[in-house]
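# Chains, contacts and geometry: an overview
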Amino acid sequence: MLSVEGLTVSAGDVELVRDVSFGIAPGERVGLIGESGSGKSLTALSLMGLLPEGVTAAGTARLGEHDLVGVPESRLKRLRGRELSMVFQEPMTALNPLMRIGAQVAEVMTLHGRSRDEARARALDLLGRVRLPEPAQIARAFPHQLSGGQRQRVMLAIALANDPGLLICDEPTTALDVTVQKQMLELIAEVAPALLFITHDLAVVASVCDRVIVMYGGRVVESGPLREVFARPRHRYTQGLLAASKLTPRGTRLPTIAGSVPAAGRFPAGCVFRNRCPHATATCETVPELTDDGHAYACWHPADD
Ligand SMILES: Nc1ncnc2c1ncn2[C@@H]1O[C@H](COP(=O)(O)OP(=O)(O)OP(=O)(O)O)[C@@H](O)[C@H]1O
């Protein structure tokens, strides 16, 4: 569905993103991780055609039938919001402080050709879909009257308004507290048609994504199915990230703790978690899981040891 080949982003002679290639299949949820400055945001912005002044992209990126790199702004404008859309970290900078929420959600639909009445009605549906309580009341509110989590849900409603095929999220939950973050992540995972999710939080990747791409110094240094990359990280940056996180790479010796399989039954018995995990002997066929306390833990099967 999305195919990126040899994407290079430069500011003058300086290459900030080099030769990045990856793809996203319909329905797939891909995490893009990497340290600060590794080029994650520029990669996403080049797909959206939203690179800052003086920064240019080369290479190819195709979303379905549409080229995204090296095409005129007028064409990208038609694609943005309709074929692909993006949710940013800070909703206050993206929302118009002087415009009511309902009108802002409706506007993105009228811009893409829906009638005013239709857009207004659908705006209420969308606010309900992102699980905002009392959508009619929220629609009449101004951004400052909502909480940070509610504003981020509004941004998600706006991003979904024209049924895009791909949703890009750039650290959308970083500014939210842990409980609100978890709800937002569940919502994104549920509603995204296909997802490119930028974060440097491994637990977030573990809870939302099927596949992960790791960037370092402007390049992709490894990628693959989540459990594969987390279980056998090849690049020293990924290894360091895993070591510093609450996730434990496969192969690490962990104490076995007796206990019962959690009621949630998410984990088949037989695997071992690190001892801080409340699920103790619970299981895991899938390597990382986000547990009820909001943290991800990895486990390894004794048989693999
Ligand atoms: N407008 C610009 N002009 C020149 N260099 C830029 C510009 N924007 C970003 N950069 C540089 O490009 C590199 C990649 O930036 P980018 O924002 O994509 O990183 P990132 O991985 O998203 O980081 P973070 O996690 O901190 O958001 C950085 O070294 C950054 O300083």
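As recorded in an unreviewed UniProt entry, the protein goes by ABC transporter ATP-binding protein and comes from Nonomuraea salmonea. Its UniProt record gives the protein the following Sequence similarities (unreviewed entry) comment, quoted word for word: "Belongs to the ABC transporter superfamily." The UniProt entry for the protein carries the following text under Subcellular location (unreviewed entry): "Cell membrane".

Picture the strands of a sheet paired through backbone hydrogen bonds; they go either parallel or antiparallel. Pairing within the open sheet is antiparallel, and its four strands lie in the order 2-1-4-5. Each end of this open sheet is capped by a strand with a single partner; those strands are strand 2 (14–24) and strand 5 (66–67).

With numbering aligned to this structure, UniProt lists the feature "domain: ABC transporter" (unreviewed entry) at residues 2–242. What you have in residues 2–242 is 40% helix and 27% strand, and the ends, taken at the C-alpha atoms, are 28 Å apart.

Let's shift gears to helix 4 (residues 101–110). Across the ten residues of helix 4, seven count as buried, placing the element largely inside the fold. Among the residues of helix 4, those classed as buried are Ile101, Gly102, Gln104, Val105, Ala106, Val108 and Met109. Elements in contact with the buried residues of helix 4: helix 5 (116–129), helix 6 (135–140) and helix 7 (148–160).

Cut-offs used in this document
- Residues numbered from 1 in each chain as written.
- Predicted model: local features only at pLDDT ≥ 70, side-chain atom pairs only at ≥ 80, totals over all residues.
- UniProt positions renumbered as here; feature names shortened; annotations may be inferred.
- Pairing = 2+ DSSP bridges.
- Helix = DSSP H or I, 4+ residues; strand = E, 2+ residues; numbered from the N terminus.
- Buried ≥ 20, exposed ≤ 12 C-beta atoms within 10 Å, placed from the backbone.
- Contact = placed C-beta atoms within 7 Å.

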